[in-house]
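These are the residues of each chain, in order.
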Amino acid sequence: MAFKRISCSSFCGVYKKGMTLDEKRQFRRLINLDNLASLSDSVFVLDSDDYIVLGCKVPSSCITADPVQSGGSIILMVNDTKQLSRDGNPLDWFNTEVSSFNSSWAACLVDDVCGQVFLARDPIGAQTVYSGHMGDAFIFTSSLTYLQNLGLNLDSDAIGNLLHFLYVPAPLTIFQDVRSILPGESVVYDGNGMQLKYTKQSSEHPDSFQSSQPGDAVERYENLLAETARKHSLSSGTVGLFLSGGKDSSTLAIAAKLAGLDNIVAITLGFSDQSIDEGEDARCVAEHLGIPFRLLRFTEKEYFELWPEVVEALGQPMGDFAVLPVYAAIRKLRNEIDIFWEGSGSDPPFGSPVTREEEWGWILNRRLPLLKALPWESFPLGFSYTTDKLGSILGRPRQEQFVSWNGWSAEEIIHLTGRSLNFSESTLYKLYAECQTPIEHKSRTLEEIWAPNAAYRKIGQSANMQGCLVRFPFLDKKLMHFTRNLPENKRYLDRQSKILIRDVLARHLPENILSKRKGSFIFPKRFILNGRNFEYLRIYLSDNVMKQHGIVDYKVANRYVNEYMQGNQSLEDRIWVLLMLHTWLERRLA
């Protein structure tokens with residue numbers, strides 16, 4: 001039986017038996033279809049007696065057929081899934097179909113004959129999918145932005161987790177009756193009884209590419225990089241590569257050259273502050289490889305004025321500050337660039353080696369748990385890097401050793417919200433109990449927690465809600481399979497990570513570029529927090545706004561806000577997420 005795929009940057013739908021025309025019109029109005037249409041002239045609507053699905057269609061040139069490379073969402077159109085499944089189990093057929101998809105994707109299938117909705121998310125979690133209930137209707141979407149006007153109740157536990165972790169951990173969402181589908185999970189909704197069934201997709205890779213094959217590992221990896229670049233590129237149109245000058249993005253630039261692609265443009269986000277500017281590092285890489293280069297430097301004023309739009313587009317608040325420059329870049333280039341490349345995704349298969357201090361701290365946490373009782377926050381800093389680092393590790397919950405955020409503590413949240421939260425059931429805390437070594441703990445924290453909940457989401461959401469696609473070439477199945485099967489000394493050695501990537505870089509870039517020290521991307525949060533004499537803090541964290549929403553005790557919150565405004569920079573992350581939350585709440589009412 002024939003079926004077709006529709007590639008889109010995002011989708012949203014509602015399923016209800018015997019839906020009336022008025023109900024459909026109300027749904028279209030609430031999800032703000034007019035605003036969606038303003039972002040793209042390719043808005044489409046799929047309609048029947050029982051469902052309505054809409055989204056932003058992308059050009060056929062932006063999606064390949066075999067295997068499917070998306071970077072957005074895929075809607076499968078069939079009349080009757082039972083005719084496609086040999087054993088009469090449509091979910092098995094659906095899982096087989098989506099398991100053939102490559103890299104980052106979200107999938108949706110509505111079977112009007114059987115009265116079922118199927119949803120799935122890529123195994124890495126680079127794209128997002130959500131499902132829930134609104135009265136007696138089933139709602140599903142690739143972005144929570146569509147649900148902001150539906151009048152859904154907020155989830156207090158999710159907000160508490162947001163304040164602590166600086167993101168809402170899946171399967172929670174900020175909406176009480178909406179659930180995030182987990183990476184690699186498939187869901188079927190049975191309209192007869194509103195039953196949801198969850199299954200894990202097969203992780204088996206169809207191409208068994210073993211690392212024991214003969215030949216030099218660097219040459220084979222370069223061949224795979226070139227093959228991956230060609231698969232994730234376009235036959236026509238422009239690919240924008242976010243290039244920082246670091247190992248991952250520079251490797252993708254090399255992959256583009258190895259593949260002979262001439263439609264790549266390197267894009268770098270720079271700042272006037274040279275201590276955090278990546279512009280010159282990226283320029284050196286691009287010029288050496290002969291890739292056209294675009295340096296974007298937005299002013300503090302431009303970032304400040306963009307803040308409300310970015311927060312509203314996110315769907316639910318998150319604390320990753322890098323979302324603002326990424327959104328700004330895509331917004332500026334969305335009419336020039338057909339698809340974006342981003343260098344995330346190499347960490348999971350290569351692993352994340354730990355420092356000596358991280359290893360010691362992890363072992364001490366396991367063997368001497370009573371050390372947690374000491375007042376580490378009171379110990380003076382500056383004696384040595386080792387003592388400072390160990391104090392930092394031992395001064396926080398051991399399950400959170402490898403997180404870099406500084407959100408509100410459990411005790412602070414009690415005073416702030418009047419609610420006590422139990423994080424023991426969170427994915428992060430359960431993960432710690434399963435880990436046997438510090439490197440496993442660090443690698444899984446980055447791969448299973450931070451990446452799908454924040455790292456991928458900030459750029460995927462920024463692109464998809466502007467009608468654009470972003471791809472993560474390092475998530476290519478064949479490339480990841482090869483990397484995971486490498487000998488350990490080709491993945492990490494002597495506390496150095498990504499040994500094979502370093503070997504590739506050494507073959508294509510000169511020493512003066514390789515020797516430059518590259519740090520993490522930093523966005524000055526003061527642009528937003530301190531801008532125009534703390535204007536946003538005075539607006540969105542005013543007594544009236546905080547009292548209106550009733551999420552936090554405004555008197556307690558005000559003490560922290562005032563302390564920050566008086567110069568306590570250690571509160572920056574906590575004030576940032578509090579501001580983002582209340583900006584989002586206000587934009588939801590607007």
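Preceding block: the structure.
Scope of this entry: the structure provided in the associated data block. Owing to the predicted nature of the structure, the values given are computational and were not obtained by experimental measurement.

**What about unusual backbone geometry?**
Moving on, step 1. Following A170, the chain continues into P171 via a peptide bond in cis, with omega recorded as 10 degrees.
Moving on, step 2. When you line up the elements, P171 lands in the loop between α4 (156–165) and β9 (178–180).
Moving on, step 3. Look at S103: it is not a glycine, yet its phi comes out positive at around 70 degrees.
Moving on, step 4. Secondary-structure assignment places S103 in the loop between α3 (90–99) and β5 (106–111).
Moving on, step 5. Residue class for S103 comes out buried when judged on its relative accessible area of 6%.
Moving on, step 6. Phi is positive for D494, close to 50 degrees, though the residue is something other than glycine.
Moving on, step 7. Position of D494 among the secondary structure elements: in the loop between β17 (492–493) and β18 (496–497).
Moving on, step 8. Overall, D494 belongs to the exposed group, its relative accessible area being 69%.

**Quick word on the pattern of salt bridges**
Moving on, step 1. Within this structure, the stated rule accounts for 33 salt bridges.
Moving on, step 2. A salt bridge links K525 to D573; its shortest N-O distance comes to 3.3 Å. Here K525 is found in the loop between α19 (511–514) and α20 (526–529), whereas its partner D573 is found in helix α24 (residues 572–589), with 48 residues between them in sequence.
Moving on, step 3. Look at K525 and you get buried, because its relative accessible area is 10%.

**Description of the pairing of β5**
Moving on, step 1. Taken across its six residues, β5 has six buried, putting it largely inside the fold.
Moving on, step 2. Side chains A106, C108 and V110 of β5 all project onto a buried face; the interleaved residues A107, L109 and D111 project onto the opposite face, where all are buried too.
Moving on, step 3. Between β5 and strand β6 (residues 116–121), which pair antiparallel in sequence order, lie four residues; one of them, G115, sits at a positive phi of approximately 70 degrees.

Analysis parameters
Residues numbered from 1 in each chain as written. Predicted model: local features only at pLDDT ≥ 70, side-chain atom pairs only at ≥ 80, totals over all residues. Heavy atoms only, no water. Helix = DSSP H or I, 4+ residues; strand = E, 2+ residues; numbered from the N terminus. Buried < 20%, exposed > 50% of the residue type's maximum accessible area, 1.4 Å probe, protein only. Salt bridge = Lys/Arg side-chain N within 4 Å of Asp/Glu carboxyl O. Pairing = 2+ DSSP bridges.

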